[in-house]
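Below are the chains, spelled out letter by letter.
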Amino acid sequence: MARILALDYGTKRTGVAITDPFQLIASGLTTVATEDLWDFLEQYLGQEDVERIVVGEPRQMDNTPSTVEGAIGKFLKELNKRYPQLPVSREDERFTSKMALRAMVEGGMKKKKRRQKETLDQISATLILQSYLSRKTP
């Protein structure tokens, strides 16, 4: 089976997570500077069999789109143009940053490491992907 790739898209950094080939487990892969995201995707998608991309959908508490949604919309249009054969799903990402921070604390991660936003973005992408997997599994 092919893998599923998840992105926690941000204007500065994008967290990336991936499933195992059986699409059972979501794991953090990396965090990429958003300006380098296209190069990363070209290289990664050229090497790995990916059947779907899941992109986080940031929403406010009142269910309105977050301010970054405009940038995500532009990214999604370009993604569809570059990879039209690759389906894209959206997954609600409310609270993923708070959940990621809590997971780092509960996992015993040192405070210095928790301050690294790259780690938070990668864990957030993993939570987005795990949420997608949980929802699609009967």
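The structure we're discussing is the one just above.
Residues numbered from 1 in each chain as written. Predicted model: local features only at pLDDT ≥ 70, side-chain atom pairs only at ≥ 80, totals over all residues. Heavy atoms only, no water.

**As for the nonpolar core**
Grouped together as the largest cluster of nonpolar side chains are 22 residues, with contacts concentrated most on Leu-5, Leu-7, Leu-41, Val-50, Ile-53, Phe-75 and Leu-79. Elements with a minimum of two residues in this core: β1 (3-8), β2 (13-19), α1 (37-47), β4 (50-57) and α2 (69-82). Ranked by the residues each element gives to this core, the list is headed by α1, at 6 residues. Ignoring any residue separated from it by four or fewer positions in sequence, one finds Leu-79 in contact with Trp-38, Leu-41, Ile-53, Pro-84 and Val-88. Core analysis: the next-biggest nonpolar cluster, separate from the first, contains 10 residues, Ala-6, Ala-26, Val-54 and Tyr-132 among them. (Core = buried A, V, L, I, M, F, W, Y, C linked by side-chain atoms within 4.5 Å. Buried < 20%, exposed > 50% of the residue type's maximum accessible area, 1.4 Å probe, protein only. Helix = DSSP H or I, 4+ residues; strand = E, 2+ residues; numbered from the N terminus. Contact = heavy atoms within 4.5 Å.)

**A closer look at the packing of α1 against α2**
It is at 13 Å that the axes of α1 and α2 come closest, and there the two elements cross at 30 degrees. Crossing angle aside, the handedness with which α1 passes α2 is right-handed. In this structure, α1 contributes Leu-37, Trp-38 and Leu-41 to the contact, and α2 contributes Phe-75, Glu-78, Leu-79 and Arg-82. When its residues are assigned to classes, the contact of α1 with α2 shows 5 nonpolar, no polar and 2 charged. (Axes fitted to C-alpha atoms, helices over the stretch in contact; angles between N-to-C directions. Left-handed = near helix turned anticlockwise from the far one by under 90°. Nonpolar A, V, L, I, M, F, W, Y, C, P; charged D, E, K, R; others polar.)

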